[in-house]
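Single-letter residue listing:
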Amino acid sequence: MTYDYDLLVIGAGSGGLAASKRAASYGAKVAIAENDLVGGTCVIRGCIPKKLMVYASKFSHLFEDAVGYGWSKGENRLNWQHLITAVDKEVHRLNQLHIGLLEKAGVELIQSRATILDPHTVEVGGRKVTADKILIAVGGEAVKPNLPGMEYALTSREMFLLKEQPKHIVVVGSGYIAVEFSGIMHGLGSQVTLMLRGETMLRGFDDDIRSSIQDGMSKSGIKIIGNTLIKNLERVAEGLKLTFSEQGKETNSTITADAVLVAIGRAPNLGKLGLENTGVEIVSCGDDTLPALHGYTVNCAIGVDDESRTSVPNIFAVGDCTNRINLTPVAIGEGRAFADTEFGNNPRKFSHENVASAIFSQPEAATVGMSEAEARQKLGDAVQIYRSRFRPLFHSLTDGSDKVMMKLVVDKNTDRVLGAHMVGEYAAEIIQGVAIAVNMGATKKDFDATVGIHPSAAEEFVTMR
Ligand code: NDP
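Residues numbered from 1 in each chain as written. Predicted model: local features only at pLDDT ≥ 70, side-chain atom pairs only at ≥ 80, totals over all residues. Heavy atoms only, no water.

J.: If you had to explain the side chain of Glu34 to someone new, which residues and values would you point to?
T.: Along the chain, the position of Glu34 falls in the loop between strand E2 (30–33) and helix H2 (40–45). Among buried charged residues, Glu34 stands out as having no salt bridge; its nearest opposite-charge side chain is Arg45, 5.9 Å away. Separated by 2.9 Å, the side chain of Glu34 and the backbone nitrogen of Asp36 make a polar contact. (Helix = DSSP H or I, 4+ residues; strand = E, 2+ residues; numbered from the N terminus. Buried < 20%, exposed > 50% of the residue type's maximum accessible area, 1.4 Å probe, protein only. Lys, Arg positive; Asp, Glu negative; His and termini not counted. Salt bridge = Lys/Arg side-chain N within 4 Å of Asp/Glu carboxyl O. Polar contact = N/O pair within 3.5 Å; in protein donor to acceptor, adjacent residues only side chain to side chain.)

J.: Describe the packing of aromatic side chains, and please don't skip the residues or the numbers.
T.: Counting across every chain of the model gives six aromatic pairs. With a centroid separation of 5.5 Å and 75° between ring planes, the pair formed by Tyr176 and Phe205 is classed as edge-to-face. Of this pair, Tyr176 sits in helix H6 (residues 176–187) while Phe205 sits in the loop between strand E9 (191–195) and helix H7 (207–220); the two residues are 29 residues apart in sequence, bridging distant segments of the chain. When its relative accessible area of 29% is taken as the criterion, Tyr176 is described as partly exposed. You can call Phe205 buried: its relative accessible area is 15%. Ring centres of Phe338 and Phe343 lie 6.0 Å apart, and the angle between their planes is 80°; this geometry places the pair in the edge-to-face category. Of the two residues examined, Phe338 and Phe343, each falls in the buried class. These aromatic residues form a ring-pair network of at least three members: Phe316, Phe338 and Phe343. Over the ring of Tyr5 we find Lys29; its NZ or CZ atom is 5.1 Å from the centre of that ring. The aromatic ring of Tyr386 is capped on one face by Lys444, whose charged end is 4.4 Å from the ring centroid. (Phe/Tyr/Trp six-rings, centres within 6.5 Å; stacked < 30°, edge-to-face > 60°. Lys NZ or Arg CZ within 6 Å of the ring centre and 35° of its normal.)

J.: Residue-level account of the packing of helix H3 (residues 47–68) against helix H4 (residues 80–105), with values.
T.: Where H3 contacts H4, the two axes come as close as 10 Å, and the packing angle between them is 145°. Note on packing geometry: the crossing formed by H3 with H4 is right-handed. Across the interface between the two elements, Ile48, Pro49, Leu52, Met53 and Ala56 from H3 touch Trp80, Leu83, Ile84, Val87, Glu90, Val91 and Leu94 from H4. Tallied by class, residues from the contact of H3 with H4 come to eleven nonpolar, no polar and one charged. (Axes fitted to C-alpha atoms, helices over the stretch in contact; angles between N-to-C directions. Left-handed = near helix turned anticlockwise from the far one by under 90°. Contact = heavy atoms within 4.5 Å. Nonpolar A, V, L, I, M, F, W, Y, C, P; charged D, E, K, R; others polar.)

J.: An account of the pattern of salt bridges is requested, with residue identities and associated values reported.
T.: Tallying each qualifying case throughout the model produces 27 salt bridges. Here Asp207 and Arg210 are joined by a salt bridge, their closest N and O atoms 3.4 Å apart. With Asp207 and Arg210 both in helix H7 and three residues apart, this pair spans about one turn of that helix. With a shortest N-O distance of 3.1 Å, Lys219 and Asp215 are connected by a salt bridge. Residue Lys219 and its partner Asp215 are located together in helix H7, separated by four residues, close to a single helical turn. Classification of Lys219 as exposed rests on a relative accessible area of 55%. A relative accessible area of 39% places Asp215 in the partly exposed class. Taken together, the shared-partner salt bridges connect Asp206, Asp208, Glu372, Arg376, Arg387, Arg389 and Lys407 into one network.

J.: Tell me about the sheet that holds E9, and please be specific about residues and values.
T.: Strand order in the open sheet formed by four strands is E10-E9-E8-E14, and the pairing between neighbours is parallel. The two strands at the open ends of the sheet, each matched to only one other strand, are strand E10 (223–225) and strand E14 (259–262). Neighbour-to-neighbour, the strand axes of the sheet open up by a mean angle of 20°, direction not taken into account. Across the sheet, H6 is in contact with strand E8 (168–172), E9 and E14; its angle to E9 comes to roughly 165°. (Pairing = 2+ DSSP bridges.)

Written as structure tokens, this is what we have:
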């Protein structure tokens, strides 16, 4: 049987782009379908525009800090429209760049939504095409709770397109997105109220990371209200009124703001994909509190094995739609491993062990390996913790109260470093290097035998006692 393509990729985000170019480099005939800009969540409405807005938001803190170093305080005002336009321009430049890279790699871009008709046939761009293998890389989408008035709430997608800067924004949620956008909007000059469902943000991260970020954000002036349950949202003359209950209070409370951002999780973007025509199995994502998206129960993702193969042998899936570790470098790694295995005669599996990640909150945090809680659950008392908290040198001349927190989780039996966690400036840059050592199985003795760079915050990782 001959097909139009050796590989048809659905979704030109991080995973799909990486897989399609790698497969084409082996001589495969590849097409990629995308009905939006090319680049996916990370490039178009995630990591990249987010990080640019993080940079923008940091200037306000630097202007304050500069005074301690002898600079006089000037009048600094943000031009919101300038920022949003500049970020959008960069996103469009990257879209073009990725289109060019596909062309260079010999991958055919079909700018249209794709619907799978059967395991080898896809309807795309008004025609039916056939492919030997199909890779689903459709990513995820933000979800909103099923509550009255939620149509007025923003998700992270709209945050990059706001025409005006809200004076007061309420952020609901406690994951990466809620925490990062709270810091961004606060730094850009908005009043920010962050509403957590539980007591502490960032469930799943090491407890010292969670408490250090929460503490740092509170001290910087972000109002954090814990143990809340939102009830409804109404448009009123003054803006948007959010009604919520608070643990320990008998009556509901309300808060009024110009904008409400809901960041309570993302779900695989499986609607209108035609999965029902394939027999591809959907698996639970383990969180049944999320509402339905496009008719699919959103706590469900595409089930895959460790080679990213679905229950249908010629259909594969990578990235957020499989809900393994929802990070761009992971989607890229899964996509390339798939292409190497299926088209490059180099069978290999992507390892989901020791994946480092960062939270671009303010203060910033980064982490690799096991949290203290995970290590204790696995090893009981055979866990040694090294922790350091200090005021960074930079702030010795400023009024800044930011503290750095660094932590190593060590296996007492083997001396192996199981996890490294940091909250503080440049945490992402620092942990990336530490992640190499952790991945290589370095021991605490190896860390201690490394000479520190002085004066730096990073040296603390090799001098902790
Ligand atoms: P997350 O899934 O990370 O966190 C959402 C949190 O919101 C939950 O953990 C939960 O915390 C809380 N929540 C859930 N339901 C409700 C509700 N009804 N009301 C109030 N709070 C609720 O979601 P995000 O949207 O922050 O991020 C989505 C994805 O994007 C993540 O998978 C992440 O990997 C990725 N991402 C990565 C970034 C990075 O690497 N820097 C940056 C941004 C996103 P609790 O149960 O404690 O209440």
